[in-house]
Amino acid sequence: MDSINPILLIASLMVASTPILLAALGEMVVEKAGVLNLGVEGMMITGAVVGFAIGVNSGSSALGFVSAALAGAALSMVFAIITQVLLANQVATGLGLTLFGLGLSSLIGKPYVGVKAPGFAKLDIPFLSDIPVLGPILFRHDPMVYLSLILVAVVWYLLARTRVGLILRAVGENHAAAHALGYKVVRVRFAAIATGGAMAGLGGAYVSLVRVPQWVEGMTAGAGWIALAIVVFASWRPWRILLGAYLFGGITVLQLNLQAAGSSIPVEYLSMSPYLVTILVLVIISVRGNHGAPGSLGRVFHASQ
Amino acid sequence: MSLFRLEKRPAPSSLLSGLTPILAVLATMVAGGVMFAILGFQPLEAIRTIFWDPLFDPQFGPYSRPQLLVKAGPLILIAIGLALGFKAGIWNIGAEGQYIMGAVVGGGVGLAFYPSESPLIFPLMVFAGAFGGWVWASIPAVLKTTFGTNEILVSLMLVYVAENILASMASGILRNPDGQGFPGSRNLARDYPAASNPELIADTGMHWGVVAAFIAVILAYVLMTRHKMGFAIRLAGEAPRAARFAGVSPTRLILFCLGTAGALAGLAGLFEVTGPAGQITIDFNSGYGFTAIIVAFLGRLHPVGILFAGLLMALTYIGGELAQLMLGMPAAAIQLFQGMLLFFLLAMDVFANYRLRIGQPEVTS
């Protein structure tokens, strides 16, 4: 166990948490608008493959991230049309989106198996990165880590302090009342779903371009589902999303480090630990009661009713 | 006001609700044809290879036709169980994990008695397989009834846990001692007659799992139309408030729906490892637990519908394999095709539940 370096561990925790943080934050926006999109995993894996493919072909990871966000948003529009215009069940459609995304990604990804990622430069922040202990932990990451943290603040500000956020929350809490007040429920939800899709796409691309970094079929391995669980864990609050994502990132990194350090616990049991912890956390949260779920979450909105 | 608007029907149209699966299949063929064309295949040739050749081609038909039942058996068995829950608004999406656990527990019990020749071995394994799936599905059920924990996320998380247990078992205690250290159990179908699930009628693909699937269809039909539990399930899904007033216990319903689905998925897993797959390997599970979700919806959550949907989905699997072999089509293309089918089905459901009106709403009424 001596080979585990706590500074490196915490630094890699931030890297491991970033994909889940991005996806969970996006899904929270979607759910705040009253929509339950279970397709996060499908949008993430699509973002992962599109980001990787564009990144490799253009040689620019930044361009990869932009394309991944666009791809995630585009895929989420399929969900939006089926659930918001054609009024289908959100649970079933979200599941369909995940199955579709997994198929689509392995189709696109075929030629990229075993290809090297273009690399993504770290941002060594001058002076700050030289601080002992804190420097390597906090100030030597790539721009996406910082962007994800900025996005937490942005989402918090938009939801809590602006008119746009107020309308979004109104649509999510009570879509009939929001409609009666003249807000365009379906339009607001389309925007929220696209935002969630883009952020899931970014999260996926972070896995394939930075975290791993290569394309492996099914590589998000349930991260999208964990993101969904974190939204519940966080009681639909942005800062708690950050806490939840870093908690799960920490467990993932710790178990990977234990595996590498040759722990006596078999690999399989270490690998299943993040999922078991997710279940445990969900149970603890539900004992306390699911506070904060938007009132219209998952319900079909039809103006005639 | 827009040109088109949707008007809710007082009750879903039963004619359209029966027609939508057929329309969805046709729409998927068209969209799939476009996708195949984009991938550089002749669309008509691809569709023919997937939907026609496995059944009627003189060269491939005799090999492919039995595969239809082999693949449809587990899909139907799992989908029947899932549909019970889906109808009641209980979302078990972890059938893949229950399928794996059925195979591991059932297969493990059989391997514990190797090389017994007792005729009781196979029935015991079947029981153990159903038990394994039941236990795995009861975890989200009990967590939901006791603490109100979301069953969607718990059942799905348990798939990943089950996959790791499978990996641990296949390369650990269930590993074939005579297998030169390769992961994977003894071959139950070939080397352990008392534990094998053979083809019952030559060249039909019919094995005990297929028999179980047919029995499940009949029992589910009786349950849904003649039994009080079936009534409770339908009521809970369509009018949850009314169900509470009618005295339907949510706890019993959740335990029953999830437990039954788990037991059926466990059975499917057991029949698979003792028959078509033959042994417990790290990746013997081929995603039936997830595809069965599509089968359940395609079959309109109705037992007889699921029977046909399972056969159709099995055809896309076999056709997909044939297209891989003959046209070099990637395996993922068929997965995408199955996903599209679910989308079209859900999208077309709107016409069963709503009327499409053109022009302004009438002021009267």
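Each remark here, short or long, concerns the structure printed above.
Remember, it's a predicted structure, so these values are computed and weren't measured experimentally.

A.B. asks: Can you lay out the overall build of chain B for me, pointing to particular residues and giving the numbers?
C.D. replies: If you tally the helices and strands in chain B, you get 16 helices and two strands. A compact globule built from 365 residues would reach a C-alpha radius of gyration of about 21 Å, and chain B, at 22 Å, matches this within 12%. Considering only C-alpha atoms, chain B reaches an extent of 80 × 55 × 35 Å along its principal axes. Every one of the 365 residues in chain B was classed for burial, and the buried ones make up 58%. Here the contacts in chain B between residues at least 6 apart in sequence split such that 77% fall between residues at least 24 apart. Only carbon and sulfur atoms are counted for the fraction: they give 66% of the accessible area of chain B, which is about 15900 Å². Across chain B, the centroid of the 20 positively charged side chains sits 16 Å from that of the 18 negatively charged ones.

A.B. asks: Report on the overall build of chain A, specifying residues and quantitative values.
C.D. replies: Check the secondary structure of chain A and you find 13 helices and zero strands. Across chain A, helices and strands are ordered from the amino to the carboxyl terminus as α-α-α-α-α-α-α-α-α-α-α-α-α. Taken against the 2.2 N^0.38 rule, which gives 19 Å for 305 residues, the C-alpha radius of gyration of chain A at 19 Å falls within 12% of a compact globule. With the principal axes as the frame, chain A shows a C-alpha extent of 65 × 45 × 40 Å. Out of the 305 residues in chain A, the part that is buried amounts to 57%. Long-range pairs, those at least 24 residues apart, make up 77% of the contacts in chain A between residues at least 6 apart in sequence. Accessible surface, chain A as shown: approximately 12000 Å² in total, 69% of it carbon and sulfur. Taking the average location of the 16 positive side-chain charges in chain A and that of its 10 negative ones, the two points are 15 Å from each other.

A.B. asks: Kindly report on the interface of chain A and chain B, identifying the contributing residues and their values.
C.D. replies: The interface is formed by 45 residues belonging to chain A together with 40 residues belonging to chain B. Where chain A abuts chain B, roughly 3700 Å² becomes buried across the two surfaces, and 81% of that area is made up of carbon and sulfur atoms. At the surface where chain A touches chain B, the tally comes to zero salt bridges. Linking chain A to chain B there are four residue pairs in polar contact (both at pLDDT 80 or more). When residues in the side of chain A that touches chain B are grouped by element, the largest group, 13 residues, is from helix α4 (residues 90-109) of chain A. Its residues assigned to classes, the side of chain A that touches chain B comprises 31 nonpolar, 11 polar and three charged.

A.B. asks: Give a description of unusual backbone geometry that names residues and reports values.
C.D. replies: Trans peptide bonds make up the majority, and among non-glycine residues the majority have a negative phi. In this structure, proline 115 of chain B follows tyrosine 114 of chain B across a cis peptide bond, with omega equal to 0°. Relative to the helices and strands, proline 115 of chain B resides in the loop between α5 (95-112) and α6 (121-147). For leucine 87 of chain A, which is not glycine, the phi dihedral falls at a positive 60°. Relative to the helices and strands, leucine 87 of chain A resides in the loop between α3 (61-85) and α4.

A.B. asks: How would you sum up helix α10 (residues 228-238) of chain B? Please name residues and give values.
C.D. replies: Those residues of α10 of chain B that fall on the buried side of the exposure criterion are Met229, Gly230, Ala232, Ile233, Leu235 and Ala236 of chain B. Those residues of α10 of chain B that are buried lie in contact with α4 (61-88), α9 (208-226), α11 (240-245) and α12 (250-274) of chain B.

A.B. asks: So what's going on with the nonpolar core? Residues and values would help.
C.D. replies: Trp225 and Ile241 of chain A together with Phe36, Leu77, Ile78 and Phe297 of chain B are the most contacted members of the largest nonpolar core, which totals 197 residues. For isoleucine 78 of chain B, the residues in contact, after removing those within four places along its chain, are Ala95, Tyr99, Ala265, Ala268, Tyr288, Gly289 and Ala292 of chain B. Counting 17 residues, the second largest nonpolar core, distinct from the first, contains Leu84, Ala88, Ala243 and Leu253 of chain B.

A.B. asks: Talk me through empty space enclosed by the protein; I want residue IDs and the actual numbers.
C.D. replies: Residue and element names in this part refer to chain B. Scanning the entire structure with this criterion turns up two cavities of 30 Å³ or more. What the largest cavity holds in volume is close to 50 Å³. With four residues, the top contributor of residues to the lining of the largest cavity is α4. Its residues assigned to classes, the lining of the largest cavity shows eight nonpolar, no polar and one charged. Volume-wise, the second largest cavity comes out at about 40 Å³. Along its surface, the second largest cavity is lined by Val25, Thr28, Phe51, Leu312, Thr316, Phe337 and Leu341. For the lining of the second largest cavity, the secondary structure elements donating two or more residues are α1 (14-38), α14 (303-327) and α15 (331-348).

A.B. asks: Please provide a residue-by-residue account of the packing of aromatic side chains, values included.
C.D. replies: Note on aromatic pairs: each is described by the distance of the centres and the angle between the planes. Counted according to the given criterion, the structure contains 18 aromatic pairs over all chains. Plain terms: the ring middles of phenylalanine 52 of chain A and tyrosine 112 of chain A are 6.4 Å apart, the flat faces sit at 85° to each other, and that makes the pair edge-to-face. Placement of phenylalanine 52 of chain A in helix α2 (residues 40-58) and of tyrosine 112 of chain A in the loop between α4 and α5 (134-138) is noted, with a sequence separation of 60 residues between them. Tyrosine 112 of chain A shares its class with phenylalanine 52 of chain A; the two are buried. Measuring from ring centre to ring centre gives 4.3 Å for tryptophan 52 of chain B and phenylalanine 56 of chain B, while their planes differ by 40°; the resulting arrangement is tilted. The partly exposed category is assigned to phenylalanine 56 of chain B, whose relative accessible area is 48%. What links up through ring pairs into an aromatic cluster is the set Tyr99, Phe284, Tyr288 and Tyr317 of chain B.

What counts, and where the lines are drawn
- Residues numbered from 1 in each chain as written.
- Chains lettered and ligands numbered in written order.
- Predicted model: local features only at pLDDT ≥ 70, side-chain atom pairs only at ≥ 80, totals over all residues.
- Heavy atoms only, no water.
- Helix = DSSP H or I, 4+ residues; strand = E, 2+ residues; numbered from the N terminus.
- Rg over C-alpha atoms; globule rule 2.2 N^0.38 Å.
- Buried < 20%, exposed > 50% of the residue type's maximum accessible area, 1.4 Å probe, protein only.
- Contact = heavy atoms within 4.5 Å.
- Areas by Shrake-Rupley, 256 points an atom, 1.4 Å probe, with all protein chains shown as cover.
- Lys, Arg positive; Asp, Glu negative; His and termini not counted.
- Charge placed at Lys NZ, Arg CZ, Asp CG, Glu CD.
- Buried area = accessible area lost by both parts, 1.4 Å probe.
- Salt bridge = Lys/Arg side-chain N within 4 Å of Asp/Glu carboxyl O.
- Polar contact = N/O pair within 3.5 Å; in protein donor to acceptor, adjacent residues only side chain to side chain.
- Nonpolar A, V, L, I, M, F, W, Y, C, P; charged D, E, K, R; others polar.
- Core = buried A, V, L, I, M, F, W, Y, C linked by side-chain atoms within 4.5 Å.
- 1 Å grid on protein atoms, 1.4 Å probe; cavity = no way out; pocket = protein on both sides within 12 Å on 5 of 7 lines; lining within 4 Å.
- Points joined across faces, edges and corners; volume = space filled by probe spheres on them.
- Phe/Tyr/Trp six-rings, centres within 6.5 Å; stacked < 30°, edge-to-face > 60°.

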